[in-house]
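Topology and contacts: notes
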2 protein chains.
Amino acid sequence: MNAITQDAARLLDTAARAAREAAAVVARAPAPVKDLALREAAAALRRNAAAILAANAADLDNAPDLTAAFRDRLTLTPSRIEAIAAGIEDVVALPDPVGRILAEWTRPNGLVIRRVAQPLGVIGMIFESRPNVTADAAVLCLKSGNAVILRGGSESTRSAAAIHACLIEGLRAAGLPEAAIQIAPTADRAFVGAMLRASGLIDLIVPRGGKGLVTRVMEEARVPVLAHAEGLCHTYVHAAADPDMARSLLVNAKMRRTGVCGSTETLLIDAAVASVLLPLLVDDLRALGCEFRADDRARAIVGDLPAATEQDFATEWLDAILSVKVVDGVAEALAHIRRYGSEHTEAIVTQDDAAAREFLDGLDSAVGMWNASTQFCDGFEFGFGAEIGIATGRMHARGPVGLEQLCTYRYHVIGTGQTRP
Amino acid sequence: MNAITQDAARLLDTAARAAREAAAVVARAPAPVKDLALREAAAALRRNAAAILAANAADLDNAPDLTAAFRDRLTLTPSRIEAIAAGIEDVVALPDPVGRILAEWTRPNGLVIRRVAQPLGVIGMIFESRPNVTADAAVLCLKSGNAVILRGGSESTRSAAAIHACLIEGLRAAGLPEAAIQIAPTADRAFVGAMLRASGLIDLIVPRGGKGLVTRVMEEARVPVLAHAEGLCHTYVHAAADPDMARSLLVNAKMRRTGVCGSTETLLIDAAVASVLLPLLVDDLRALGCEFRADDRARAIVGDLPAATEQDFATEWLDAILSVKVVDGVAEALAHIRRYGSEHTEAIVTQDDAAAREFLDGLDSAVGMWNASTQFCDGFEFGFGAEIGIATGRMHARGPVGLEQLCTYRYHVIGTGQTRP
């Protein structure tokens, strides 16, 4: 629980009110102006690479006791800075999501009703150690006409500030308000608490980080949240699967990157093919260093698989470990997913159209895949150009959250003097 | 604050879990099955009209000290019951919102990505005395494939139960789970508190009633809420307004029904036309019994208008009272609306396209009208066939909330064995 102090509440109030003022401006900024700000920010990042690396070095010196993985996430290099700048230019190339006419119809009385895409307003971004998120998130928020308040991990304060300075240079060059991209004015945890309760000042919270952070945010937030607490994704190898396809898809879905939310954590395989196919799948994955937690029916086929506990099927491994369960068809696969899944991404491998339809229709998950790797659940892979996160909630934006999902809509009703009877 | 008791938490947990089970079924029920349930419910309402009226009479006897207005809202008549049944048949005639393909595209790697409309899940409906809301809300939730838990005012318990029994008859006739439409098992306020905190069990809360109820719900809810706390709507008569159009629009926007959220509460009028037009507008409205609260510039034109306080401009009158302010153009009108408005509905009256565009683009409100009455902000008038409420928040569904807005989406990704590089 992030308790709120008076200081934090006051700081948040000041920041958020400035952000709302700025949001009203960037919401109406023409695409070329927003793109100019972004191009100038990218140029500033390249120009100031040395200063950013120095700030990052100071952050690293200041946190000597980090794990290697944490240190790697926190570390910036010239190539990583170039990647951030190039990523900004990719976003510049994307179409402006604001002002799109999402729907338009005419009523019998002649009223023309137009649904127009509009920015959400002020986004609160809460993330952990990756300094690059400072730029990635800010850039998507600006392109979609939103203001953003960024609250990153305290370990990356200096790196984030150095990157933020470049984003501000971009805003200045385009004559846009600097308050459109703000960094939390304090590392005080109480500021996070204030953000989560800022209904009416902050319109959406996007947490990005470990399950602990995201769950805490979801539990405390009074402001709407778009996020996923975990991605406990399933790949279901159906009786009518193409064996070779099943093998290449499972290897990719589990092992391409084991730490991403779209990686497969559990293999469900039909009994009808398990006796032949499961040993091959196990060999493929073992050759890549994958471990297993298997149910009794799977262990009856591959004897040396470690036994899975109930808890194993509810675990998002984010590692080279795969839970394995043998099932008898689509219904049992869906029942397992409904019980243990996180409504993130599930895939079926089959050549049987009816089975695929039954599986996809039976899912409540944000994304259902048919003969594709669960690791395709990603804003870039979806063609969004970029993503600020992935949402597994039930509200109106689900799956990869890109520029379109950072917009809501409003109506324009155009009449000729109609009065309501 | 609705404190939660253990009893209430347990009751809510039981109800919500049953609702989730039912939601999984109705989400996949074919349109003809849902429509059969609705037609049978309408038939049951007509068949059981006498029993419903008796239950309503008992509710009325049980609450002798009601205001006339409250009594009227609570009272059912044969014609009101017929209207409820006819309303259900109107919803039957609407297209099924579930399963619509909202977007579909193909990636360079051949993946076909399809965005498909899907019900939200379990809706929690919290409302006050109108018994008809029991049917209206339940019918929209069922048609959109959602389960619903209805918590109405304690004064209408018997009436709601009698109507609910008819809805259950419909579900039974169609072989749909009765838990898809539930009434709160207790009138205990603690049950409302439990609903508002049921993250993961209830997907959306829709409060309908007075500002007090809605504000309380918004403040307490951990579950997403679609609602409007108030509709402080403005009609702005621009310098280039057609005088006759301005007169008929304002009369309709203010006086057609003064108690609805889309009624105009404040008139903004350009100084350039106020001296001629304001006296005519005042006469029109006075003839219909409207009172005024006017700023000094307006009172300099029509001397006997009562003076407006700061607070008056922040007041949703819901009555035959109009706040009046003279402004100098679109920018000042927008500034006033941003300061005092509720982001519900605002209208501009003008023959000047540029001014209209500036006004509509400058609004953050859910609905902006041009040469039309603010009272058109309504699901029926928008062509949605019906509405469960109107949302003024910034999330992804705004304005009238109809069947489409009671759906979210999921993705179906169809491949041919693609793996992610």
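- An unreviewed UniProt entry annotates chain A as Gamma-glutamyl phosphate reductase of Neoroseomonas terrae.
- What the UniProt record of chain A gives under Catalytic activity (unreviewed entry) is the line "L-glutamate 5-semialdehyde + phosphate + NADP(+) = L-glutamyl 5-phosphate + NADPH + H(+)".
- What UniProt records for chain A under Pathway (unreviewed entry) is the sentence "Amino-acid biosynthesis; L-proline biosynthesis; L-glutamate 5-semialdehyde from L-glutamate: step 2/2."

Examining the overall build of chain A
- Broken down by element type, chain A carries 15 helices and 15 strands.
- For a compact globule of 421 residues, the expected C-alpha radius of gyration is about 22 Å, and chain A comes in at 24 Å, within 12% of that figure.
- Seen through its principal axes, chain A has C-alpha atoms that stretch 70 × 65 × 40 Å.
- For chain A, with 421 residues in total, the buried portion stands at 58%.
- The long-range fraction of contacts in chain A, counting pairs at least 24 apart against all pairs at least 6 apart in sequence, stands at 72%.
- Here chain A has roughly 15,300 Å² of accessible surface; of this, 53% comes from carbon and sulfur atoms.
- Taking the 42 positively charged and 51 negatively charged side chains of chain A as two groups, their mean positions are separated by 7 Å.

Here's the deal with the sheet that holds strand 1 (residues 101-106) of chain B
- Taken together, the 9 strands give an open sheet; going across it, the order is 9(A)-10(A)-8(A)-7(A)-11(A)-12(A)-15(B)-2(B)-1(B), and neighbouring strands pair in mixed fashion. The sheet is open, and its two edges are formed by strand 9 (291-294) of chain A together with strand 1 of chain B, each paired on a single side. Sheet twist, expressed as the average angle between the axes of neighbouring strands with direction ignored, equals 20°.
- Taken together, the 4 bridges between strand 7 (residues 233-237) of chain A and strand 11 (residues 345-349) of chain A define a ladder with parallel strand orientation. Residue pairing across strands places Val237(A) opposite Val349(A), the latter belonging to strand 11 of chain A.

Looking at the domain arrangement of chain A
- Looking at chain A, the domain boundaries give domain 1 (8-227 + 393-414) and domain 2 (233-376).
- Computed from C-alpha coordinates alone, the two centres of domain 1 of chain A and domain 2 of chain A are separated by 35 Å.

Side note on the interface of chain B and chain A
- Taken residue by residue, the interface counts 72 residues in chain B and 72 residues in chain A.
- When chain B packs against chain A, the two sides together hide about 6,100 Å² of surface, and 48% of this comes from carbon and sulfur.
- Looking at the side of chain B facing chain A, the largest losses of area belong to Arg394(B), His396(B) and Arg420(B), adding up to 15% of the total buried there.
- Our enumeration of links across chain B and chain A arrives at 10 salt bridges.
- A salt bridge links Arg28(B) to Asp364(A); the shortest N-O distance between them is 2.8 Å.
- The interface formed by chain B and chain A holds 58 residue pairs in polar contact (both at pLDDT 80 or more) in total.

Overview of the packing of helix 5 (residues 78-92) of chain A against helix 6 (residues 132-143) of chain A
All names here are of chain A.
- In contact at an axis separation of 10 Å, helix 5 and helix 6 are set at 15° when each is read in the N-to-C sense. One element, helix 5, and the other, helix 6, form an angle in the roughly parallel class. Considering the relative orientation of helix 5 and helix 6, their crossing is right-handed. The segment helix 5 lies against helix 6, with Ile84, Ile88, Val91 and Val92 engaging Asn132, Ala135, Val139, Leu140 and Lys143.
- In terms of residue class, the contact of helix 5 with helix 6 is built from 7 nonpolar, 1 polar and 1 charged.

What about the pattern of salt bridges?
- This model, assessed by the stated rule, comprises 61 salt bridges over all chains.
- Across the pair Arg297(B) and Asp328(B) runs a salt bridge whose closest N-O atoms are separated by 2.9 Å. With Arg297(B) in helix 12 (residues 296-299) and Asp328(B) in the loop between strand 10 (321-327) and helix 14 (330-340), the pair connects residues that are 31 residues apart, well separated along the chain.
- Take Arg297(B): its relative accessible area is 36%, and that puts it in the partly exposed class.
- According to the relative accessible area criterion, Asp328(B) is exposed, its value standing at 52%.
- Put simply, Arg20(A), Arg28(A), Asp203(A), Arg338(B), Glu343(B), Asp364(B), Arg394(B) and Arg398(B) are held in one network by salt bridges that share partners.

Describing the packing of helix 14 of chain B against helix 15 (residues 353-362) of chain B
All names here are of chain B.
- The N-to-C vectors of helix 14 and helix 15 enclose an angle of 20°; their axes lie 10 Å apart at closest approach. Taken together, the axes of helix 14 and helix 15 lie roughly parallel to each other. Both helix 14 and helix 15 take part in a crossing whose hand is right-handed. Residue-level inspection shows Val330, Ala331, Leu334, Ile337 and Arg338 of helix 14 in contact with helix 15, the latter providing Ala355, Glu358, Phe359 and Gly362.
- Residue composition of the contact of helix 14 with helix 15, by class: 6 nonpolar, 1 polar and 2 charged.

Calculation criteria
Residues numbered from 1 in each chain as written. Chains lettered and ligands numbered in written order. Predicted model: local features only at pLDDT ≥ 70, side-chain atom pairs only at ≥ 80, totals over all residues. Heavy atoms only, no water. UniProt positions renumbered as here; feature names shortened; annotations may be inferred. Helix = DSSP H or I, 4+ residues; strand = E, 2+ residues; numbered from the N terminus. Rg over C-alpha atoms; globule rule 2.2 N^0.38 Å. Buried < 20%, exposed > 50% of the residue type's maximum accessible area, 1.4 Å probe, protein only. Contact = heavy atoms within 4.5 Å. Areas by Shrake-Rupley, 256 points an atom, 1.4 Å probe, with all protein chains shown as cover. Lys, Arg positive; Asp, Glu negative; His and termini not counted. Charge placed at Lys NZ, Arg CZ, Asp CG, Glu CD. Pairing = 2+ DSSP bridges. Axes fitted to C-alpha atoms, helices over the stretch in contact; angles between N-to-C directions. Domains from an automatic or database assignment. Buried area = accessible area lost by both parts, 1.4 Å probe. Salt bridge = Lys/Arg side-chain N within 4 Å of Asp/Glu carboxyl O. Polar contact = N/O pair within 3.5 Å; in protein donor to acceptor, adjacent residues only side chain to side chain. Parallel < 35°, antiparallel > 145°, perpendicular 65-115°, else oblique. Left-handed = near helix turned anticlockwise from the far one by under 90°. Nonpolar A, V, L, I, M, F, W, Y, C, P; charged D, E, K, R; others polar.

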